[in-house]
Amino acid sequence: MRYNTLGRTGIKISEICLGTMTWGSQNTQTEAHAQLNYAFDRGVNFIDTAELYPTTPLSAETYGNTERIIGNWLAARGRRDDVVLATKVAGPGRPYIRDGGPMTPEAIEEALNASLKRLKADYVDLYQLHWPNRGHYHFRNAWSYDPSKQDNEHVATDLKAILDKLGELAKAGKLRAIGLSNDTAWGTMKMLDLSDKYGLPRIATIQNEYNLLYRAYDLDLAELSHHEDVGLLAYSPLAAGLLTGKYLEGAKPAGSRLSINGDLGGRFTPHQEPAVAAYAALAREHGLDPAQMAIAFCLTRPFMASVIIGATSMEQLKTDIGGAGITLSQDVMDGIRRLHRLYPAPI
């Protein structure tokens, strides 16, 4: 297992991060704890969660349960300082989370205190804004995204107030670093500018979707990562399971995410099928597991801080962690480059 530095913080994180969004719905606490023990025995030191989780499916009844499961493991394990723990505050839109309201300084403090209680922890290493108040192009919103109606002054004031509160919480010892999620190059750069101007915490990471089927990060955000030392935490490196090939030709395995979430958050469309089939064929041509090839590709990207994997079985977890030990040949990389030109945006 290799390790990278979290932004400019000095915090070392494993290149594989253990995602948790199925714990408390698709996975029991016992299964989750077995995943944690297996991953940490193999050098993973980084856990990513959110107050929103679990997500398969999302519900008011299960809200917060994933953090509770992690908290029980932390309490039983001890050695809190060996764990790099990341969680997120939800943005607007979920009626059962603070009445669906936006992130405000008061809401952020309330959310972090509640997360710490569920996690049975005094602090989190990385606190992330799950999605911005002002809107964004993620979650398949690229086709309707229109920032032209955003109020410039309101957005700037909002971001400054959020950073002020995060600064207070950092001084209180409740968080060590901050990050964004589902955000844009402009939003990230604006927050970096505000941090520099006012001496506030600096954005260390961006957690956005990145995989063979969705590579928006390769463009402006890659440049930002390079110049500003803001690494990507890539979620959905397997495109919600599509890149394993298990959903090809209409397959819908019982208990899978597709059988629960319907369209995999908008990813399961007719456009993805030929692309997924081509990547799976490329992997098998070179004797590779399709999932491991997809994860290994993500790890080749120069802006990658850590790849967030998620598994509902130990077999899947072993496969995913194994992707970190694979070096892709030039022939494989050339094949990926060719397929990306053919299928630049299939989801």
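Note that residues are indexed from 1 along each chain, following the sequence as it is written. Only residues with pLDDT of 70 or above have their local features reported here, since the model is predicted, and side-chain atom pairs are shown and tallied only from 80 upward, although totals for entire chains, interfaces and linings are computed over all residues. As a rule here, side-chain values cover all heavy atoms of the structure and leave hydrogens and water aside.

Under an unreviewed UniProt entry, the name given to the protein is Aldo/keto reductase, and the organism recorded is Sinorhizobium terangae.

Student: Which residues make up unusual backbone geometry, and what values go with them?
Tutor: In this chain, Tyr53 is followed by Pro54 through a cis amide linkage whose omega measures 10 degrees. In this description a helix means any DSSP run of H or I spanning at least four residues, a strand means any run of E spanning at least two, and both kinds are numbered starting from the N terminus. Structurally, Pro54 is set in the loop between strand S4 (46–48) and helix H2 (65–77). Here the amide bond leading from Thr56 into Pro57 is cis, since omega sits at 0 degrees, within 30 degrees of zero. Mapping Pro57 onto the fold places it in the loop between S4 and H2. Backbone geometry places Phe139, a non-glycine residue, at a positive phi of 55 degrees. Positionally, Phe139 belongs in the loop between strand S6 (124–129) and helix H4 (152–171). Residue class for Phe139 comes out partly exposed when judged on its relative accessible area of 40%. Its identity as a non-glycine residue notwithstanding, Asn182 has a phi of 55 degrees, on the positive side. Structurally, Asn182 can be placed in the loop between strand S7 (175–181) and helix H5 (185–198). Each residue is assigned to one of three classes by its accessible area relative to the maximum for its type, calculated with a 1.4 Å probe on protein chains only: buried under 20%, partly exposed between the two thresholds, exposed over 50%.

Student: Quick one: what's the story with helix H1 (residues 29–41), residue by residue and with numbers?
Tutor: Look at H1: 18 Å from first C-alpha to last across 13 residues, which is about the 18 Å you get at 1.5 Å a residue. Turning to H1, its buried residues number three or more, namely Ala32, His33, Gln35, Leu36, Tyr38, Ala39 and Phe40. Where the residues of H1 are buried, they touch strand S3 (16–19), S4, H2 and helix H10 (314–322). At the C-terminal side of H1, Gly43 shows a positive phi close to 95 degrees. For a helix, the expected span equals 1.5 Å multiplied by the number of residues minus one. Contacts are assigned to residue pairs with any non-hydrogen atoms lying within 4.5 Å of each other.

Student: Residue-level account of the side chain of Ser115, with values.
Tutor: Mapping Ser115 onto the fold places it in helix H3 (residues 105–119). Excluding residues that lie within four positions of it along the chain, Ser115 makes contacts with Glu51, Glu67 and Thr87.

Student: How would you explain the nonpolar core if you had to name every residue and give the values?
Tutor: Across soluble globular proteins, nonpolar side chains show a tendency to be buried alongside one another. Grouped together as the largest cluster of nonpolar side chains are 93 residues, with contacts concentrated most on Ile16, Tyr127, Tyr210, Leu213, Met293 and Leu328. The residues contacting Leu328, other than those within four sequence positions of it, are Leu288, Met293, Ala296, Phe297, Met333 and Ile336. Counting 14 residues, the second largest nonpolar core, distinct from the first, contains Phe46, Val84, Ala86 and Ala204. Each nonpolar core is a collection of buried residues, namely Ala, Val, Leu, Ile, Met, Phe, Trp, Tyr and Cys, held together in the definition by side-chain atoms within 4.5 Å.

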